[in-house]
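# An overview of the molecular structure
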Amino acid sequence: MIRHGLWADVPEGDWEDWHWQTAHRLSSADELSKIVELTPEELEACRLGHFRMGITPYVASLIDPADRHCPIRRQVIPLVGGAVDKGSFSDHLGEEEHSPVPGLVHRYPDRVLMLVTNQCAGYCSFCTRSRIFNDGIHYSRRDHDRQIDYIARTPAVRDVLLSGGDPLTLPDTVLEDLLRRVRAIEHVEIIRIGTRVPIFLPHRITPALVETLRRYHPLWMNIHVNHAKELTPRAADALAMLADAGIPLGSQTALLAGVNDSVDVVRELVHKLVMNRVRPYYLFQCDMVEGAEHFRAPVSKGIEIIESLRGHTSGLAVPTFAVDIPGGGGKVPVGPQYLVSQAPGRSVLRNFEGYIGTCEEPLDYSGETPARPVGPKRGRGAGQEGVAGLLAGHADALKPAGFDEAHDR
Ligand SMILES: *Cc1c(COP(=O)(O)O)cnc(C)c1O
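Description of the structure in this document.

About the criteria used
- Residues numbered from 1 in each chain as written.
- Predicted model: local features only at pLDDT ≥ 70, side-chain atom pairs only at ≥ 80, totals over all residues.
- Heavy atoms only, no water.
- Pairing = 2+ DSSP bridges.
- Helix = DSSP H or I, 4+ residues; strand = E, 2+ residues; numbered from the N terminus.
- Axes fitted to C-alpha atoms, helices over the stretch in contact; angles between N-to-C directions.
- Contact = heavy atoms within 4.5 Å.
- Buried < 20%, exposed > 50% of the residue type's maximum accessible area, 1.4 Å probe, protein only.
- Right-handed = clockwise from strand over helix to strand, strands pointing away.

On the basis of which strands lie adjacent, the open sheet formed by nine strands has the order β1-β2-β3-β4-β5-β6-β7-β8-β9 and mixed pairing. The open sheet has two edge strands, β1 (104–108) and β9 (330–333), and neither has a second partner. Each adjacent strand pair in this sheet contributes to an overall mean axis angle of 25°, direction not counted. Strands β1, β2 (111–115) and β3 (159–163) of the sheet are contacted by helix α8 (residues 141–152), whose axis makes an angle of about 175° with β2. Contacting β5 (219–224), β6 (249–255) and β7 (278–285), helix α12 (residues 233–244) crosses the sheet at an angle of about 135° to β6.

This brings us to the pairing of β7. Within a regular strand, the side chains alternate between the two sheet faces. The element β7 is extensively covered by neighbouring structure, given that six of its eight residues are classed as buried. Summarising the sheet, β6 and β7 pair through seven bridges and their orientation is parallel. Opposite L249, over in β7, you have V278 as the bridge partner. Crossover handedness for the path β6 to helix α13 (residues 263–275) to β7: right-handed. Relative to strand β8 (residues 320–325), β7 runs parallel, the two being bridged by three bridges. Bridging from a neighbouring strand, Y282 pairs with T320 of β8. Taking the sense of rotation as the criterion, the β-α-β connection linking β7, helix α14 (residues 299–309) and β8 turns out right-handed.

Structure (structure tokens):
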């Protein structure tokens, strides 16, 4: 196993112990200077105290000290991009206004995001939720009670996504208690965990943890991973344990300038993910985080990456590129256009090679198969039908706020 010389004498038992790794994280410029020679820009960013740092010895050992553009280094050692007001981070995704109780974001009709901790195994300088660990927001047992109570009295919720912070930094007992209580709610069909632990702290994926998780199926897990270099043999072992426990694995990747804003880098990443039984799920446009301006690539870069993957490689390896609209708009998938034109009876389509063909369609199509419900019927929430509601004929138009007043002249 790769280990920086600084930890050459640490016994294997300690190195493999996630508590040891967590306790020995590097979190200041002085500590970091023991493993890499910091550039003046990095020193300045560390000293500014704007970004939280916490780099496990395992991750620190993956940094190439000779390469200031090392993709691991760029994610965990800060640089300042754009003007920053020290330690001040906004809620640019409007999560607070969608929170009926603290830490529970109910943005979409049938699923909720449950922020259960403000701790991570390591901290990324482009973190979209920097506000929660910088503003000292904590989620206590009392918050968990209120979150679970909200889910229990909201039958529309069929999917609960545990995130934070990173849920896998919680002690087994606390995590199991949360899983048990969420699983006990009859209308909750699936539980998901969003985590970066298999990448930053694979030692945390112990046989005991895996045994706990598998008791709460159907349980899905999405790992946050941005570069093939993060998928080390040690991380691969952790992912294999999770996959062997029947946990379907997906990945979420942030599109980051200087780290992975390249067709070749993303192709290598998605191929390595599927070899590890991880299905690439989302590729995200980097959010507007204070001090992370230098990580942002244009939306067109994401579209170009998808264009270069779709059709050229396994469909299984192609994630959905999505932009989270600031202010609470939510995730919007964007990608290349394949529909060239349409007329009754025909759609004209182009494929990944540029071949343009025609799909003949029935002119006498008389409507969809009637549903034969096999479970509880869940109506779409009022006011949340969107464009699907227009197609169903439930409304004629969607109007922005103030539209009628402006046109009532
Ligand atoms: C991303 C997200 C979800 C889950 O979205 P999916 O597209 O179902 O993966 C749920 N709630 C919030 C607030 C989110 O940001």
